[in-house]
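# Structure assessment
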Amino acid sequence: MTESFDAVDVIRTKRDRGELSDGQIDWVIDAYTRGAVADEQMSSLAMAILLNGMNRREIARWTAAMIASGERMNFAKLSRPTADKHSTGGVGDKITLPLAPLVAACGVAVPQLSGRGLGHTGGTLDKLESIPGWRAALSNDEMMQQLEDVGAVICAAGDGLAPADKKLYALRDVTGTVEAIPLIASSIMSKKIAEGTGALVLDVKVGTGAFMKDLADARELASTMVALGTDAGVRTVALLTDMSTPLGLTAGNALEVRESVEVLAGGGPSDVIELTVALAVEMLAAAGVTDIDPSEKLRDGSAMDAWRQMISAQGGDPDAPLPVAPETHVVTASLSGTLTKLDALAIGVAAWRLGAGRARKEDPVSPVAGIELHAKPGDTITAGQPLLTLHADDPTRFARALEALTDAVETNDTQYEPTPLIIDRITA
Ligand code: URA
């Protein structure tokens, strides 16, 4: 096959701070997916993009080319509107679990294609797999049927969706090019647009436990993604939310399922409830539903009913006891005062070292490993009281986890200034 462009010319264009043409972008994504552009060439181009950026036209075209590399789902035949949520990932971020059935209970279908955890952030599928019998893989027909019958599906994205992104993301992971905002935005949005949702709410995390440590970067990522979604005809809005401390009181797979079920039962930690309800309101509004209060659906048990149906439809037993760690270790407070810091990254890394996460995508995860928090920033604590309980399959895991926690906690007597959980809302 005669190629219409030369990979080295495309790389040189971006290296020299030029704009890639539509033709160059379409070709390079297609040729990379087919194997006609080599990994070393694509990694060089990704680095040039990381260093020199892309403008709005280039990002939109790059995203469209990644969508065109695979199949595009279509939920137009469903009897209800669709809305999805994507979080850029954080520690203790179990929000998808109560959110999908809650939104379904309000009459909007949620086609949530989720991923597995890598590094210190957990993955939704890993969490749900701690429920006995639950399976992540569904065919497109099964997904459609469950959306019609139950209104919510959380499952693994099939191989057919944006295959160019799968290949490119794996390459970026090992070439120091994950952090480029145009590449993150196009990676996330190509999958969400190909998934076929009518409305999308983005939860862009900011803080130590997030991809974006800095508010200005998070804002830029959010507005880039909102523009991409809007231009593609998906009603898209983003919330910027704090990830300097974990969400809720648990980080770890079965521990987070337990906490999500507490929220669905009308209890649970206030930050998890606040964010779940705020995201539900946004998803419903983006899908055109403004007359239902999702908090009411948590109180009256209908969100819990939708959860039970959603879990059962994928082979899970919502009544089965969740697995529990055979080994625990309690960390106590060394000082009295106000807890001013409980660092999300440190807790995430410690939970990962306990076995809750994976270092390579082939690694298994432990359903029981993780951390329970007994206090949150702003709480008054007394020296000697339990602060954290570490959970693991194997007690030899505790030493390395404790190392990660060395600077995780700060206590002092100064006035504590809480960071708002929801920092800003970004629209087109
Ligand atoms: N998640 C994605 O799907 N892609 C990225 O590039 C970063 C996070």
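Notes on the structure in this doc start here. Predicted model, so just to flag it, every value in this text is computed and none were measured.

Moving on, we come to the overall build of the protein chain. Summing up its helical and strand segments, the protein chain has 16 helices and 13 strands in all. Relative to a compact globule of 428 residues, whose C-alpha radius of gyration would be 22 Å, the protein chain shows 22 Å and is just as compact. With the C-alpha coordinates of the protein chain rotated into their principal frame, the extents come out at 70 × 45 × 40 Å. Among the 428 residues that make up the protein chain, the fraction classed as buried is 54%. Total accessible area computed for the protein chain in this model is approximately 17,300 Å², and 51% of it derives from carbon and sulfur atoms. Averaging the coordinates of the 38 positive side-chain charges in the protein chain and doing the same for the 58 negative ones gives two points 4 Å apart.

What follows deals with the packing of aromatic side chains. Tallied over the entire structure, the rule returns one aromatic pair. Centre to centre, the rings of Phe-5 and Trp-27 are 6.1 Å apart; their planes meet at 45°, and the pair counts as tilted. Placement of the pair is Phe-5 in the segment before helix 1 (7-15) and Trp-27 in helix 2 (residues 22-34), with a sequence separation of 22 residues. The residue whose ring lies beneath Lys-191 is Tyr-169, and the NZ or CZ to ring-centre distance is 5.5 Å.

What follows concerns the site of the ligand. Neighbouring the ligand are the residues Tyr-169, Arg-172, Ile-184, Ser-187, Ile-188, Lys-191 and Phe-211. Contact distances for the ligand include 2.6 Å between a nitrogen atom and a side-chain N or O atom of Ser-187. Separating an oxygen atom of the ligand from a side-chain N or O atom of Lys-191 is a distance of 2.5 Å. A total of 230 Å² of accessible area belongs to the ligand in isolation, and the protein chains cover 90% of it. Residue assignment for the shell around the ligand shows that the elements contributing at least two residues are helix 8 (163-173) and helix 9 (181-195). Classifying every residue of the shell around the ligand by side-chain character gives four nonpolar, one polar and two charged.

Here we take up the pattern of salt bridges. Tallied over the entire structure, the rule returns 28 salt bridges. When the shortest N-O distance is used, the salt bridge between Asp-22 and Arg-61 registers 3.4 Å. With a gap of 39 residues between them, Asp-22 in helix 2 and Arg-61 in helix 4 (residues 56-68) connect regions that are remote in the sequence. Residue Asp-22 is classed as partly exposed on the basis of its relative accessible area, which comes to 28%. Arg-61 gets classed as partly exposed once you look at its relative accessible area, which sits at 31%.

Time to look at the environment of Lys-341. Following the sequence through the fold, Lys-341 ends up in strand 8 (residues 337-342). Along the primary structure Lys-341 and Glu-417 are separated by 76 residues, whereas in three dimensions their C-alpha atoms are 11 Å apart. The contact partners of Lys-341, leaving out residues within four places of it in the chain, are Pro-377, Asp-407, Ala-408, Val-409 and Glu-410. At 3.1 Å, the side chain of Lys-341 forms a polar contact with the backbone oxygen of Asp-407.

When the terminal C-alpha atoms of helix 3 (residues 39-52) are compared, their 20 Å separation across 14 residues agrees well with the 20 Å that a helix rising 1.5 Å per residue should span. When helix 3 is considered as a whole, its buried residues turn out to be Met-42, Ser-43, Leu-45, Ala-46, Ala-48 and Ile-49. Those residues of helix 3 that are buried are in contact with helix 1, helix 2, helix 4, helix 8 and helix 9. Count one or two residues on from helix 3 and you reach Gly-53, which has phi positive near 75°.

Take the nonpolar core next. Membership of the largest hydrophobic core comes to 75 residues, with the highest contact counts inside it found for Trp-307, Ile-347, Ile-371, Leu-388 and Leu-390. With nine residues, the single largest contributor to this core is helix 12 (residues 270-286). Two domains each put at least three residues into this core: domain 2 (84-313) and domain 3 (327-412). Other than its neighbours up to four places away in sequence, Ile-347 contacts Val-91, Pro-246, Ala-251, Leu-342, Ile-371, Leu-373, Leu-388 and Leu-405. Core analysis: the second largest hydrophobic core is formed by 59 residues, Val-10, Ile-11, Met-54 and Met-189 among them.

Once that is clear, we can look at helix 9. With 15 residues, helix 9 should cover 21 Å at 1.5 Å per step; its first-to-last C-alpha distance of 21 Å lies within 8% of that length. Counting buried residues in helix 9 gives 14 out of 15 residues, a clear majority hidden from the surface. Phi turns positive, to about 90°, at Gly-196, one or two residues after helix 9.

Attention shifts here to the sheet that holds strand 6 (residues 250-252). What the four strands build is an open sheet, ordered 6-9-11-7; its pairing is antiparallel. Two strands lie at the open edges of the sheet, namely strand 6 and strand 7 (327-332), each paired on one side alone. On average, adjacent strands in this sheet sit at an angle of 15° to one another, irrespective of strand direction. Pairing between strand 9 (residues 370-373) and strand 11 (residues 386-392): four bridges, direction antiparallel. Counted as the bridge partner of Gly-370 is His-391 from strand 11. Docked against the sheet, helix 11 (residues 253-264) engages strand 6, strand 9 and strand 11, running at close to 140° with respect to strand 6.

Cut-offs used in this document
Residues numbered from 1 in each chain as written. Predicted model: local features only at pLDDT ≥ 70, side-chain atom pairs only at ≥ 80, totals over all residues. Heavy atoms only, no water. Helix = DSSP H or I, 4+ residues; strand = E, 2+ residues; numbered from the N terminus. Rg over C-alpha atoms; globule rule 2.2 N^0.38 Å. Buried < 20%, exposed > 50% of the residue type's maximum accessible area, 1.4 Å probe, protein only. Areas by Shrake-Rupley, 256 points an atom, 1.4 Å probe, with all protein chains shown as cover. Lys, Arg positive; Asp, Glu negative; His and termini not counted. Charge placed at Lys NZ, Arg CZ, Asp CG, Glu CD. Phe/Tyr/Trp six-rings, centres within 6.5 Å; stacked < 30°, edge-to-face > 60°. Lys NZ or Arg CZ within 6 Å of the ring centre and 35° of its normal. Near = heavy atom within 4 Å. Polar contact = N/O pair within 3.5 Å; in protein donor to acceptor, adjacent residues only side chain to side chain. Nonpolar A, V, L, I, M, F, W, Y, C, P; charged D, E, K, R; others polar. Salt bridge = Lys/Arg side-chain N within 4 Å of Asp/Glu carboxyl O. Contact = heavy atoms within 4.5 Å. Expected span 1.5 Å × (residues − 1). Core = buried A, V, L, I, M, F, W, Y, C linked by side-chain atoms within 4.5 Å. Domains from an automatic or database assignment. Pairing = 2+ DSSP bridges. Axes fitted to C-alpha atoms, helices over the stretch in contact; angles between N-to-C directions.

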